[in-house]
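Structural characterization, general
Residue-level listing of the chains:
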Amino acid sequence: ISDGQSKNDKSMPPLLVANALECLASLIYDSIGDPGLSKEQNFNYSDPMDCLNFFVGLSGNSAWTIRQMSTLAASSLVAKMATKYLQKNEAIKVCLDCATKALKD
């Protein structure tokens, strides 16, 4: 899915990308990004907003399977994200952007 792929490269089928997103979403744990957790508990994640931006960026994909799964993955992340991130205006804007894209389908 990288922007650097040449036109001669075969792109990955959307269903495989959607399944990969589903696997990634299943790895999200409660209070991800919480600074109160130890490094072992937090698996060295420093900012779950990067992951949220990744999911929301894919929610504009032309394949509906990728749009659907990226939106579900983003909602899973938001449901389990540490509250300190959800209180930021950037997080609210990104969530609204995701919801807007999802409602277009």
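Preceding this section is the structure that the text describes.
Below is a summary of the structure that appears in this document. Only a predicted model underlies this, so the values are computations on that prediction, with no experimental measurement involved.

**Here we look at the pattern of salt bridges**
- A full pass over the atoms with the stated rule returns one salt bridge.
- Residues K101 and D97 are paired through a salt bridge, measuring 3.8 Å at the closest nitrogen-oxygen approach. Here the residue K101 and the residue D97 both occupy positions in helix α6 (residues 89-103), the gap between them amounting to four residues, near one helical turn.
- The partly exposed category is assigned to D97, whose relative accessible area is 33%.

**Concerning helix α3 (residues 48-58)**
- P48, M49, L52, F55, V56 and L58 are the residues of α3 that are buried.
- Here the buried face of α3 lies against α1 (14-26), α4 (64-80), α5 (83-86) and α6.

Calculation criteria
- Residues numbered from 1 in each chain as written.
- Predicted model: local features only at pLDDT ≥ 70, side-chain atom pairs only at ≥ 80, totals over all residues.
- Heavy atoms only, no water.
- Salt bridge = Lys/Arg side-chain N within 4 Å of Asp/Glu carboxyl O.
- Helix = DSSP H or I, 4+ residues; strand = E, 2+ residues; numbered from the N terminus.
- Buried < 20%, exposed > 50% of the residue type's maximum accessible area, 1.4 Å probe, protein only.
- Contact = heavy atoms within 4.5 Å.

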